[in-house]
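Coordinates in review
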Amino acid sequence: MNRSFNRLPRRRLQSALLGLAAAAAAAFLLPAAAQDFPPKKQVTMVVGFAAGGGADTAARLIAKKLGENIGQSVVVDNRAGAGGNIAHQYVAGAPTDGSVILLGSIGPLSIAPHLMKLPYDPVKDLAPITMGLNFPNVLVVDPGLKVKTLAEFIEAAKKKPGGLDFASTGAGSASHLAGELFNQRAGVEIVHVPYKGGAPAMVDLLGGRVASYYAVPSTAAPYIETGKVVALATTGPTRAPSLPNVPTIAESGFPGFAATNWYAFVAPGKTPAPILDGWNKEIVRVLNNPEMREQLEKHGLTPMPGTRDELARYIASESTVWGKVVRERKITAE
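In short, a report on the structure. Quick caveat: nothing in here was measured; it's all calculated off a predicted structure.

This paragraph deals with the packing of aromatic side chains. Under the definition given, this model contains five aromatic pairs. When the ring of Phe166 is compared with that of Tyr214, the centres are 5.5 Å apart and the planes differ by 90 degrees; the resulting orientation is edge-to-face. Highlighted residues: Phe166 in strand β6 (residues 165–168) and Tyr214 in strand β8 (residues 212–215), separated in sequence by 48 residues. In this structure Tyr214 comes out as buried when scored by relative accessible area, which is 2%. Its end group placed over the ring of Tyr90, Arg79 keeps NZ or CZ at 3.7 Å from the ring centre.

Once that is clear, we can look at the sheet that holds strand β1 (residues 43–47). Strands sit in the order β2-β1-β3-β10-β4-β11 across an open sheet of six strands; the sheet is mixed. Edge positions in the sheet fall to β2 (74–78) and β11 (302–303), since each has one partner strand and no second. Examined bridge by bridge, strand β4 (residues 126–136) and β11 share two bridges and lie antiparallel to one another. Each bridged residue has a counterpart across the sheet, and for Asn134 the counterpart in β11 is Thr302. Across the sheet, helix α12 (residues 308–329) lies against β4 and β10 (260–268), angled at about 65 degrees from β4, the strand it touches most.

By size, the foremost hydrophobic cluster in this structure holds 52 residues, and its most contacted members are Leu150, Phe153 and Phe182. Take this core: its biggest share by element is six residues, from helix α7 (residues 174–186). Setting aside residues up to four positions removed in sequence, Leu150 forms contacts with Leu139, Phe182, Leu232, Ala233, Ile249, Ser252 and Phe254.

Here we take up unusual backbone geometry. Although it is not a glycine, Ala82 sits at a positive phi angle of roughly 55 degrees. Its identity is not glycine, yet Lys330 carries a phi of approximately 55 degrees, on the positive side. Along the chain, the position of Lys330 falls in the segment after α12.

Here we take up the pattern of salt bridges. This model, assessed by the stated rule, comprises 15 salt bridges. Residue Arg79 pairs with Asp77 through a salt bridge whose shortest N-O separation is 2.8 Å. The salt bridge involving Arg285 is made with Glu282; its shortest N-O contact spans 3.3 Å. Of the two residues, Arg285 and Glu282 are both situated in helix α10 (residues 273–287); the distance of three residues between them amounts to about one turn of the helix. A relative accessible area of 12% means that Glu282 is categorised as buried.

This part is about the packing of helix α3 (residues 54–70) against helix α11 (residues 290–298). Relative orientation of the contacting elements α3 and α11 amounts to 170 degrees, with a least axis distance of 10 Å. Considering the angle they form, α3 stands roughly antiparallel to α11. Between α3 and α11, the residues in contact are Ala58, Leu61, Ile62 and Lys65 and Met292, Gln295 and Leu296, respectively. Among the residues forming the contact of α3 with α11, the class breakdown is five nonpolar, one polar and one charged.

Bringing the packing of helix α8 (residues 198–206) against helix α9 (residues 217–225) into the picture now. Two elements in contact, α8 and α9, have axes separated by 10 Å at closest approach and are oriented at 25 degrees. Considered as vectors, α8 and α9 are oriented roughly parallel to each other. Considering how the two elements wind past one another, α8 and α9 form a crossing that is right-handed. Facing Gly198, Met202 and Leu206 of α8, the residues of α9 in contact are Thr219, Ala220 and Tyr223.

Along the backbone, Tyr214 and Val138 are 76 residues apart, and their C-alpha atoms lie at a distance of 5.3 Å. Once residues within four sequence positions are removed from consideration, Tyr214 is found in contact with Asn137, Val138, Leu139, Phe166, Ala167, Ser175, Ala178, Gly179, Phe182 and Thr235.

We now examine the sheet that holds strand β9 (residues 230–234). Taken in spatial order, the five strands line up as β7-β6-β8-β5-β9 in an open sheet, and their pairing is mixed. Lying at the two open borders of the sheet, with one neighbouring strand each, are β7 (191–194) and β9. Going from strand to strand, the sheet's axes swing by 30 degrees on average, the running direction of each strand aside. The strands touched by α9 within the sheet are β5 (138–141), β8 and β9, with β5 carrying the most contacts at an inclination of about 40 degrees.

The rules behind these values
All residue numbers refer to position in the chain's written sequence, counted from 1. Reporting in this predicted model follows two pLDDT cut-offs: at least 70 for local features of residues, and 80 or more for side-chain atom pairs to be given and counted; totals over whole chains, interfaces and linings ignore these cut-offs and use all residues. Note that water and hydrogens are dropped before the side-chain values are worked out from all heavy atoms of the structure. Each Phe, Tyr or Trp ring (for Trp, its six-membered ring) is paired with any other whose centre lies within 6.5 Å, and the angle between the two planes then decides the class: stacked below 30 degrees, edge-to-face above 60, tilted in between. The helix and strand labels rest on DSSP assignments: H or I over at least four residues marks a helix, E over at least two residues marks a strand, and numbering proceeds from the N terminus. Burial classes follow relative accessibility: with a 1.4 Å probe on protein chains only, a residue under 20% of its type's maximum area counts as buried, one over 50% as exposed, and anything between as partly exposed. Only Lys NZ and Arg CZ are tested; either one counts as a charge over a ring when it is within 6 Å of the ring centre and within 35 degrees of the ring normal. Paired strands, in this sense, are two strands between which DSSP finds at least two bridges. Two residues form a contact once any of their heavy atoms are found within 4.5 Å. Helix axes are fitted only over the stretch in contact, all axes being lines through C-alpha atoms; the angle between N-to-C directions runs from 0 to 180 degrees. Each nonpolar core is a collection of buried residues, namely Ala, Val, Leu, Ile, Met, Phe, Trp, Tyr and Cys, held together in the definition by side-chain atoms within 4.5 Å. One speaks of a salt bridge when a side-chain nitrogen belonging to Lys or Arg is within 4 Å of a carboxyl oxygen belonging to Asp or Glu. Angles are sorted into four bins: roughly parallel if under 35 degrees, roughly antiparallel if over 145, roughly perpendicular if 65 to 115, and oblique for all others. Ten residues, namely Ala, Val, Leu, Ile, Met, Phe, Trp, Tyr, Cys and Pro, are considered nonpolar, four, namely Asp, Glu, Lys and Arg, are considered charged, and the remaining ones, Gly among them, are considered polar. Note: crossing handedness is left-handed where the near helix turns anticlockwise from the far helix by less than a right angle, and right-handed where it turns clockwise.

Here is the structure:
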């Protein structure tokens, strides 16, 4: 034994040996954990909204390319309901071996904690992987309202307080909060009607069962083009590239108005860091692929990949912003 160890008291010697053993074990285990990526079993990408909406469109495009890159299929699992909270709760309790990832959304990650007591903690029970997509919503209305501009829509709402309604993809979703923020800024009371996703909300708008909807551009674009719905304004700080002729709410009389939507990739909270790093690398690779970017942007979805830490900070900042709106508007889960 080294002479320096011989001069150590017995307790310090034991502590030193235990430290060396722990370091050796960590060095041995790290490569094994890294080898667990990609998972050897089927990968599931969970989505919190019904098939046919913006989140589902994005997930299926990304899952296909992701599967090609890792050499195995990535199955999309739609678990709609409660503004996406059902899917987030499911993934919070899912296996931590990397076989389940979630295309999470602003509602459950940054808004819902201010509206209700959740059966999971978005910060502790879900681990950030990377920001996915950022985009505005577009306010579309039933042509039967006979309004063509945002000003006319506001006038109609003021003539019938509580007589108009707006659809969203669920209580606490980005489309819900965009509508509440607009109500606040415009001084109107347009009634919120939550749905389980973009597709069913659009069905009811087309059927005249709801007056308006803060839709994902990809969901609304085909109906805007055919005149089945009327696009009044988008909710982002600048015009949406996919809808260049539609003005923003900000330029339509409400300077500074901004309510963007976003989807981000997360995993069960206790997923090992090497697996999270593996998914970050692969998903960022997909989102930076020129062909994939082009496909997503055609649907009005802007890829914004980044680091795990960047996503964690962004979720926290959005929580601060929307928590204030929830308190000021006295919004509750419906």
